[in-house]
Amino acid sequence: MLPPPVLKQSGLHPKPAGLVLQYGTAGFRTNAKKLDHIMFRMGLLATLRSRKTKATIGVMVTASHNPEEDNGVKLIDPMGEMVTPTWEGYATQLANAEQEDLLTALKDVIEKEAIDMSQEADVFVGKDTRSSSASLSQAVMDGVSALGGHSKDYGLVTTPQLHYMVCCQNTKGKYGDATVEGYYSKLYQAFIQLTKSVLNRTDDQKHLSVDGANGIGALKVREMEAHLKKELQISLFNDGSKGKLNHQCGADFVKVQQKPPTGVEMNPGERCCSFDGDADRIVYYFIDSEGQFHLLDGDKIATLISTFLKELLTQAGVDLKMGAVQTAYANGSSTRYLEDTMQVIVRCTKTGVKHLHHAAQEFDIGVYFEANGHGTVLFSKAAEEIIQHLAEDANINDERKRAARMLQNTINVINQTVGDAIADMLLIEAILAIKGMTIQQWDSIYSDLPNRQLKVKVADRRVIDTADAERRAVSPAGLQDAIDSLVKKYRKARSFVRPSGTEDVVRVYAEAETQESADDLAHKVSLAVYRLAGGVGGEPKQLL
Ligand code: NG1
Ligand code: ZN
């Protein structure tokens with residue numbers, strides 16, 4: 001039943017005996033040297049998934065915000081979404097099958113899913129700028145061809161670009177053209193439409209500094225820049241010409257360290273943003289006249305976008321159910337603002353965009369963002385149709401029509417398949433232009449509660465089990481009680497811990513009324529994790 005090349009080819013991508021890896025929060029991710037067999041096998045699995053769904057599947061080779069030495073792989077389902085959980089399970093089984101058991105593991109998937117092996121299979125492959133990505137993406141393509149599938153190599157693309165290609169292909173062009181040029185043209189046309197009615201913007205207002213994290217996002221911003229017709233004037237930093245990927249720069253660094261990246265020239269009051277290593281996350285920030293750093297993270301982005309959409313819905317006179325989806329990492333102030341001031345329904349899910357994406361699909365318009373800047377907006381089919389009819393309706397007044405058209409252009413500028421730094425940047429820039437808002441004004445919509453994120457090394461992070469969208473630890477025994485009694489000692493405090501799905505660490509989050517309290521609480525909770533969950537290395541140290 002299996003074509004003969006599988007055995008021979010898999011021998012060229014052997015698995016180191018005993019190595020066990022899990023399909024984590026966003027696919028497999030570890031040191032690039034351990035990944036050749038994983039890539040080959042994900043090529044095999046993507047081919048099976050394509051046969052099963054009778055559609056094109058995507059495979060992206062990237063480790064996002066991780067260091068340059070790491071790499072990783074994620075599978076993309078037909079509509080551009082993350083692969084479904086059952087298949088994540090198959091991915092883990094295939095990845096961990098010892099060399100001699102690989103064929104049995106493959107046959108197992110084929111039987112369980114009743115896959116017709118005579119079916120055509122198509123796989124789109126993309127990669128980030130890591131030095132290991134070229135040979136690893138070749139290993140994916142070897143896997144595809146070993147099972148008789150066809151692969152299309154998109155080469156260097158951002159993760160969201162590959163998601164977009166897969167969606168375009170499977171909707172037969174309805175979502176756009178499955179080319180990088182098609183992606184740019186869809187986005188910039190929508191951006192130009194959104195901003196064209198905003199007159200008299202100064203060059204300062206049109207200016208944005210972008211930290212490309214020395215990764216793929218920088219390359220793609222360069223490619224796109226010319227199309228923006230000076231409506232957005234970008235100064236690109238960390239473009240990969242000298243610095244190291246994600247090193248002291250990029251969205252994750254800025255968010256976690258709460259400080260500006262190196263390599264970016266910043267003047268007081270100027271808008272800056274950072275992408276992560278595969279350009280699916282974005283955060284904004286600025287320095288005020290006193291030299292103080294202000295971060296506008298995924299929560300602030302979600303608030304800005306939600307406010308904009310809500311106003312447009314009111315102006316257009318349409319009643320659509322809008323909701324916001326966050327994780328436990330969302331700043332408490334943002335949740336309060338969305339629920340109390342904006343009267344938006346807020347849902348909290350587990351970490352990982354697949355969970356947020358799923359929850360956002362419950363609304364007519366679902367705005368989802370992780371605090372780290374990964375997010376997008378989903379419009380239901382019905383919502384899109386209502387908006388389109390309204391935009392074409394000859395019997396409505398100009399204000400309603402204008403709002404409906406803006407909603408249409410918002411739909412087109414956003415990448416609904418997944419969080420997309422470039423698409424989100426264009427939407428944010430358009431909103432700020434339309435509302436005539438400075439970054440300071442945006443920042444002052446609400447004040448973040450001071451917070452701190454830390455990491456603790458433990459022997460086996462799986463000893464921590466969580467419940468209630470990761471807000472409570474149910475094991476090891478005593479840990480949640482310890483956290484509860486620490487939290488009680490601070491005002492407006494909250495803290496939780498969870499095992500990371502992308503790094504071998506336990507993550508600790510704390511927020512409180514002052515930065516000192518947040519830092520102190522995070523440290524004390526780290527100590528509790530270290531003591532109760534098998535900490536390794538030295539005890540966590542107090543932040544200086
Ligand atoms: P882990 O390592 O599971 O915390 C991190 C991010 C996620 C998500 C993934 C994938 C935080 C706290 N966690 O996951 O939100 O973006 O990486 O890139 O930011
Ligand atoms: Zn990323």
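- As annotated in an unreviewed UniProt entry, the protein is Phosphoacetylglucosamine mutase from Amphiprion ocellaris.
- According to the UniProt record, the Function (unreviewed entry) comment for the protein is "Catalyzes the conversion of GlcNAc-6-P into GlcNAc-1-P during the synthesis of uridine diphosphate/UDP-GlcNAc, a sugar nucleotide critical to multiple glycosylation pathways including protein N- and O-glycosylation."

Comments concerning the sheet that holds strand S7 (residues 233-237)
Stage number 1. Taken together, five strands build an open sheet; the order of strands is S7-S6-S8-S9-S10 and the sheet is mixed. For this open sheet the edge positions go to S7 and strand S10 (293-296), each flanked by a neighbour on one side alone. Pairwise comparison of adjacent strand axes, ignoring direction, gives a mean angle of 25° for this sheet.
Stage number 2. In the sheet, strand S9 (residues 282-287) pairs with S10 via four bridges, with the strands oriented antiparallel. Residue pairing in the sheet places Tyr-284 in a bridge with Leu-296 of S10.

Concerning the side chain of His-523
Stage number 1. Structurally, His-523 is set in helix H19 (residues 515-532).
Stage number 2. Residues within four places of His-523 in sequence aside, it is in contact with Leu-454, Pro-540, Lys-541 and Gln-542.

Considerations on the coordination of the zinc ion (ligand 2)
Working reference: metal with six octahedral donors, ideal angles 90 or 180 degrees; metal with four tetrahedral donors, ideal angle 109.5 degrees.
Stage number 1. The protein atoms that coordinate the zinc ion (ligand 2) are Ser-64 (OG), Asp-276 (OD), Asp-278 (OD) and Asp-280 (OD), at distances spanning 2.0 to 2.1 Å.
Stage number 2. Viewed at the metal, the four donor atoms of the zinc ion (ligand 2) are separated by angles of 85 to 171°, and the geometry they form is irregular.
Stage number 3. Counting along the primary sequence, the residues that act as donors to the zinc ion (ligand 2) give the motif S-x211-D-x1-D-x1-D.

A look at the site of ligand 1
Stage number 1. If you check the shell around ligand 1, you find 14 residues, and the closest are Thr-25, Ser-500, Gly-501, Thr-502 and Arg-507.
Stage number 2. One of the side-chain nitrogen or oxygen atoms of Arg-281 is found 3.1 Å away from an oxygen atom of ligand 1.
Stage number 3. A distance of 2.8 Å separates an oxygen atom of ligand 1 from a polar atom in the side chain of Asn-372.
Stage number 4. When ligand 1 is considered free in solution it has 430 Å² of accessible area, and contact with the protein chains removes 94% of it.
Stage number 5. Looking at the shell around ligand 1, its residues break down into two nonpolar, seven polar and five charged.

Focus on the nonpolar core
Burial of nonpolar side chains together is a common tendency in soluble globular proteins.
Stage number 1. With 86 residues, the main nonpolar core has Phe-275, Tyr-284, Leu-309, Met-425, Leu-426 and Trp-442 as its most contacted residues.
Stage number 2. Counting residues per element, this core draws most heavily on helix H16 (residues 421-435), at 10 residues.
Stage number 3. Excluding its chain neighbours within four sequence positions, the residues that come into contact with Leu-309 are Met-322, Ile-365, Val-367, Val-377, Phe-379, Leu-407 and Thr-410.
Stage number 4. By size, the runner-up hydrophobic cluster in this structure holds 44 residues, among which are Phe-28, Val-83, Leu-102 and Ile-115.

A closer look at the UniProt feature "binding site: substrate" (unreviewed entry) in the protein
Stage number 1. Residues annotated in UniProt with the feature "binding site: substrate" (unreviewed entry) correspond here to Glu-370, Ala-371, Asn-372, Arg-498, Pro-499, Ser-500, Gly-501, Thr-502 and Arg-507.
Stage number 2. Summarising the element assignment, Glu-370 is placed in the loop between strand S13 (365-369) and strand S14 (375-379).
Stage number 3. Owing to a relative accessible area of 7%, Glu-370 belongs among the buried residues under this scheme.
Stage number 4. Discounting chain neighbours no more than four positions away, the residues touching Glu-370 are Gly-298, Asp-299, Thr-327, Thr-351, Gly-352, Val-353 and Leu-356.

Focus: unusual backbone geometry
Stage number 1. Along the chain, Ser-475 connects to Pro-476 via a cis peptide bond; the corresponding omega equals 0°.
Stage number 2. Within the fold, Pro-476 resides in the loop between strand S17 (472-475) and helix H18 (479-487).
Stage number 3. Although it is not a glycine, Lys-54 adopts a positive phi angle of roughly 50°.
Stage number 4. Checked against the element boundaries, Lys-54 lands in the loop between helix H2 (36-53) and strand S2 (57-61).
Stage number 5. Accessibility expressed as a relative area gives 60% for Lys-54, which makes it exposed.
Stage number 6. Not every positive phi belongs to a glycine, and Ser-64 is a case in point at roughly 50°.
Stage number 7. Along the chain, the position of Ser-64 falls in the loop between S2 and strand S3 (70-76).
Stage number 8. The class of Ser-64 is buried, set by a relative accessible area of 2%.

Details of the packing of helix H7 (residues 180-195) against helix H9 (residues 216-225)
Stage number 1. Axis separation between H7 and H9 bottoms out at 11 Å; the angle between their running directions is 65°. With respect to H9, the element H7 is oriented roughly perpendicular. When you trace H7 past H9, the crossing you get is right-handed. When H7 is examined against H9, the residues Val-180, Tyr-184, Leu-187 and Tyr-188 are found in contact with a partner set consisting of Lys-220, Glu-223 and Met-224.
Stage number 2. Residues that form the contact of H7 with H9 fall into these classes: five nonpolar, no polar and two charged.

Topic: the packing of aromatic side chains
Stage number 1. Tallied over the entire structure, the rule returns 12 aromatic pairs.
Stage number 2. Each ring, one from Phe-124 and one from Tyr-154, has its centre 4.9 Å from the other, and the planes form 65°; the classification is edge-to-face. Residue Phe-124 is found in strand S4 (residues 122-127), and its partner Tyr-154 is found in strand S5 (residues 150-156); the two are separated by 30 residues along the sequence. For the pair shown, Phe-124 and Tyr-154 are each scored as buried.
Stage number 3. One aromatic cluster is present, formed by Tyr-164, Tyr-175, Tyr-183 and Tyr-184 through successive ring pairs.
Stage number 4. Note that Lys-186 overlies the ring of Tyr-175, its terminal NZ or CZ placed 3.5 Å from the centroid.
Stage number 5. Against the face of Tyr-446 rests Lys-300, its NZ or CZ located 4.5 Å from the ring centre.

Here is what the cut-offs are and how they apply
Residues numbered from 1 in each chain as written. Chains lettered and ligands numbered in written order. Predicted model: local features only at pLDDT ≥ 70, side-chain atom pairs only at ≥ 80, totals over all residues. Heavy atoms only, no water. UniProt positions renumbered as here; feature names shortened; annotations may be inferred. Pairing = 2+ DSSP bridges. Helix = DSSP H or I, 4+ residues; strand = E, 2+ residues; numbered from the N terminus. Axes fitted to C-alpha atoms, helices over the stretch in contact; angles between N-to-C directions. Contact = heavy atoms within 4.5 Å. Donors = N, O, S within 2.8 Å, 3.2 Å for Na, K, Ca; no water. Tetrahedral: all angles 85-135°; square planar, octahedral: opposite > 155°, others 65-115°. Near = heavy atom within 4 Å. Polar contact = N/O pair within 3.5 Å; in protein donor to acceptor, adjacent residues only side chain to side chain. Areas by Shrake-Rupley, 256 points an atom, 1.4 Å probe, with all protein chains shown as cover. Nonpolar A, V, L, I, M, F, W, Y, C, P; charged D, E, K, R; others polar. Core = buried A, V, L, I, M, F, W, Y, C linked by side-chain atoms within 4.5 Å. Buried < 20%, exposed > 50% of the residue type's maximum accessible area, 1.4 Å probe, protein only. Parallel < 35°, antiparallel > 145°, perpendicular 65-115°, else oblique. Left-handed = near helix turned anticlockwise from the far one by under 90°. Phe/Tyr/Trp six-rings, centres within 6.5 Å; stacked < 30°, edge-to-face > 60°. Lys NZ or Arg CZ within 6 Å of the ring centre and 35° of its normal.

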